Structures are given as structure tokens and as C-alpha cells.
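Topology and contacts: notes
Spelled out from the first residue to the last, the chains are:
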Amino acid sequence: MTALSTRRADPARRPPSALRARISAYVALTKPRIIELLLVTTVPAMMLAARGWPSLSLLLLTLLGGTLAAGAANVFNCYFDRDIDRLMQRTQKRPLVTGQVSPRAALVFGVVLTVTSVVLLALTTTLLAAALAAAAIFYYAVLYTMVFKRHTRRSTEWGGVPGAAPVLIGWAAVTGSLDWPAVVVFGVVFCWQMPHFWALALRFKDDYARADVPMLPVVTTALSVGRQTVAWAWVTVAVSLSLWPVAEDYGIGLGYTIAAALLGGWFVVESHRLLRRIVGGGDAKPMQLFHVSISYLALLMVAIVVDAIV
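None of the values given here were measured: they were computed from a predicted structure.

Focus on the overall build of the chain
The number of helices and strands found in the chain is 16 helices and zero strands. Since a compact globule built from 310 residues should have a radius of gyration of about 19 Å, the 21 Å found for the chain is in line with a globular shape. Once the C-alpha set of the chain is aligned to its principal axes, its extents read approximately 70 × 55 × 50 Å. Restricting the contact set of the chain to residue pairs at least 6 apart, pairs at least 24 apart contribute 73%. Side chains of the chain carry 27 positive and 15 negative charges; the gap between the two charge centres is 11 Å.

What about the domain arrangement of the chain?
When cut into domains, the chain gives domain 1 (27–178) and domain 2 (179–309). Each partner contributes residues to the interface: domain 1 has 36 residues there, and domain 2 has 39 residues. Summed over both partners, the interface of domain 1 with domain 2 comes to about 3300 Å²; 73% of that surface belongs to carbon and sulfur atoms. Counting every contact that joins domain 1 to domain 2 gives zero salt bridges. At the surface where domain 1 touches domain 2, the tally comes to seven residue pairs in polar contact (both at pLDDT 80 or more). Looking at the side of domain 1 that touches domain 2, the elements that each hand over two or more residues are α3 (32–50), α8 (127–151) and α9 (155–175). Classifying every residue of the side of domain 1 that touches domain 2 gives 18 nonpolar, eleven polar and seven charged.

Thoughts on the environment of S117
Inspection of the secondary structure puts S117 in helix α7 (residues 103–124). For S117, a relative accessible area of 0% corresponds to the buried category. Put simply, S117 and A70 are 47 residues apart on the chain and 9.0 Å apart in space, counted from C-alpha to C-alpha. Excluding residues that lie within four positions of it along the chain, S117 makes contacts with G65, L68, A69 and I137.

Considerations on the packing of α3 against helix α16 (residues 286–309)
Running from N to C, α3 and α16 point in directions that differ by 20°, and their axes come no closer than 9 Å. Between α3 and α16, the interaxial angle falls into the category roughly parallel. With respect to the hand of their crossing, α3 and α16 are arranged in left-handed fashion. Where α3 approaches α16, its residues L37, V40, T41, P44, M47 and L48 are matched on the opposing element by I294, L297, A298, M301, I304, V305, A308 and I309. In terms of residue class, the contact of α3 with α16 is made up of 13 nonpolar, one polar and no charged.

Overview of the packing of aromatic side chains
In total, this model carries ten aromatic pairs according to the counting rule given. When the ring of W171 is compared with that of Y250, the centres are 5.2 Å apart and the planes differ by 55°; the resulting orientation is tilted. Taken together, the residues W171 in helix α9 and Y250 in the loop between α14 (243–247) and α15 (254–280) connect sequence positions 79 residues apart. With a relative accessible area of 1%, W171 lands in the buried category.

Observations regarding a nonpolar patch on the surface
Taken together, the side chains of W53, V302, V306, I309 and V310 present a nonpolar region at the surface, about 530 Å² in accessible area. Within the secondary structure, V302 sits in helix α16.

Quick notes on helix α13 (residues 222–241)
Three or four residues apart is the spacing at which side chains of an α-helix point the same way, because the helix has 3.6 residues per turn. Helix length check: α13, at 20 residues, gives a terminal C-alpha distance of 29 Å against a target of 28 Å (1.5 Å per residue), a fit within 8%. Looking only at α13, the buried set comprises V225, G226, Q228, T229, V230, A233, T236, V237 and S240. Packing partners of the buried residues in α13 comprise α10 (180–203), α12 (216–219), α14, α15 and α16.

Some details on the side chain of D307
Mapped onto the secondary structure, D307 falls in helix α16. Reaching out from D307, the side chain makes a polar contact with the backbone nitrogen of G253 at a distance of 2.8 Å. Contacts of D307, omitting those with residues within four sequence positions, involve G251, I252, G253, G255 and Y256.

Some details on the pattern of salt bridges
Within the structure shown, the criterion is met by eight salt bridges. With a closest N to O distance of 2.8 Å, D83 and R150 form a salt bridge. Taken together, the residues span a long stretch of sequence, with D83 in helix α5 (residues 82–85) and R150 in helix α8 at a distance of 67 residues. Residue classification places D83 among the partly exposed positions, given a relative accessible area of 38%. Judged by relative accessible area, R150 falls into the partly exposed class, the value being 25%. Across the pair R94 and D85 runs a salt bridge whose closest N-O atoms are separated by 3.2 Å. Using a relative accessible area of 2% as the deciding quantity, one classes D85 as buried. When salt bridges that share partners are traced, they join D81, D83, K149 and R150 into one network.

About the thresholds
- Residues numbered from 1 in each chain as written.
- Predicted model: local features only at pLDDT ≥ 70, side-chain atom pairs only at ≥ 80, totals over all residues.
- Heavy atoms only, no water.
- Helix = DSSP H or I, 4+ residues; strand = E, 2+ residues; numbered from the N terminus.
- Rg over C-alpha atoms; globule rule 2.2 N^0.38 Å.
- Contact = heavy atoms within 4.5 Å.
- Lys, Arg positive; Asp, Glu negative; His and termini not counted.
- Charge placed at Lys NZ, Arg CZ, Asp CG, Glu CD.
- Domains from an automatic or database assignment.
- Buried area = accessible area lost by both parts, 1.4 Å probe.
- Salt bridge = Lys/Arg side-chain N within 4 Å of Asp/Glu carboxyl O.
- Polar contact = N/O pair within 3.5 Å; in protein donor to acceptor, adjacent residues only side chain to side chain.
- Nonpolar A, V, L, I, M, F, W, Y, C, P; charged D, E, K, R; others polar.
- Buried < 20%, exposed > 50% of the residue type's maximum accessible area, 1.4 Å probe, protein only.
- Axes fitted to C-alpha atoms, helices over the stretch in contact; angles between N-to-C directions.
- Parallel < 35°, antiparallel > 145°, perpendicular 65-115°, else oblique.
- Left-handed = near helix turned anticlockwise from the far one by under 90°.
- Phe/Tyr/Trp six-rings, centres within 6.5 Å; stacked < 30°, edge-to-face > 60°.
- Patch = residues over 30% accessible without salt bridge, like charges linked within 9 Å, V, L, I, M, F, W, Y side chains within 5 Å.
- Areas by Shrake-Rupley, 256 points an atom, 1.4 Å probe, with all protein chains shown as cover.
- Expected span 1.5 Å × (residues − 1).

The following block contains the structure:
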């Protein structure tokens, strides 16, 4: 009876089919969790540019194009970083390291995603949005991954440009141009990435050191990283508060500004707590700031959406 029950339960426990495993491996190359965070900034930019809801088709096509573009950049990142990914515990299970996907197949996949995303955006949104997407892919895949990440402690600052590019792409998809509100929101996302990523880099400092990647926590003291994290958190909040003056005609007003001030206070306080823990010499617990930073950005984008449509 027990053996029979076991045999009947086995099919549900079988490993995924070869096709499903291969699809999952290709999806993993695109780093879906990072894409989700990038898309969170695209929608508010589009709604701000449209002074409300853009057409549903434009919204969906822009998000699809942006997803494909971000996925392409991440695939190229995995392709060029496969040597150091093999040395880091955090990345040792990526498909190119485990052999689930061959380097050649990954490179072809990245090219296909690039062409598809740029053509889709060019045909369904605007040429400027398509050009910005192409530039962001090149910047992240080549300049950041191959140059800045491996050769300078300031790679996070340089890498902040493509990380904030979805804001500009979303705005350009609606208007075919760029304006100061887009620049300010771009600035918020750019500045936010330093406290956000340095918290993660503190957590995985040993991994980066093992791979000889000169991330800031590897090449300087935790105290210096903590101080710079606090400074960039303050700059992020300052930039966020400058949106009202430049975007009042787009619906941004007191509601957003109050939300930005309160959320910014939370973000800054958490960065100071990280610094205080570092000074105290105990467990810095950097992932606390990392998780707060995600909530901060998501809620700030919600505040933009609310002011744009109310």
C-alpha cells in the first residue's frame, strides 16, 4: 500500500521536462527580478508624460519593448560575466555557469532580443524611445559590464545610467521628446541606485573580492561605504523633492511632495541606521536598507501615478 502510494505520487515530483528547463534557463538569463524593478519606473514616467493614462496599447507595447530591451542587456551581462559568475557563490547557479545554456546560444538570444525590442519600439512608439533603448543596451552590456565593472570602483555610479534609462524611454514613447520632469525622475532613479546597490554589495563583499571585482565595499572601508550611502540617500531625496517645481503642469503637486518627503525621511533614516551599525562594529545588516530602498522607490512611483491621474 505504501509502495503504491509512493508510485502514484512520483509523477508530481518528477523534475521539469527538458523543454521547460531550457525555457526556464533562458528566462533566468534575462534576470526577471531586475526587469520588474525597471518597469516600475517606466509606467509613472509614461503617465506623467501623458498627464494621465496613455493608451492601453501604447502602454503595453512600451512595457513589452522595455522588457525585451532590459532582458537583452542582462543576457549580454551574463554572457560577458560568465567567468566571474563562476567564482561568486551568488551567481554560480546562473545558466551559463551550470552549462544549461551555451555561450553561443546566449549570445544569439541576446542579439535576437535586442533587434526585436528596438524594432518593436520603433514601429509602435517613437524612434527616440527605440534609440534610447538601443543605447541603454549597449551602455550596460559593453561599457558597464566590460569596462566599468571590472576596472573602476565607481562602476555603480556609471552603471546607474542604464538603470534609470527606462524613465526616459517611457517618456519618449509617449511624447517623442524629453523634458525636465523626465530628467528629474531619471535623476531620482539614478541617485537611488547607489544606496540600493551598495547595501547589496556590502552583503556580498566577499563574493566580489573572490572574483576580483573592484566594487566599492571591496576597495574601501565599510565606514566609507556607509558615509557615501548616507550622502547619496540625501541626494536622492533632494532630487525627488525638485519634481514639483518642474512638473506642476503635469499634475505633480502637494500630494506627491508630502509623500516624497515622508518616504524620503524613511529612506534617509534607514541609511543612517546602517552607518550607525557600521560605526558600532557589529553586524551591519545591509539588507535591511536594501529592502527598504525597494519599497521606497516603488511607493514613490505610486505617488507620481496618483498625482498624475487625480
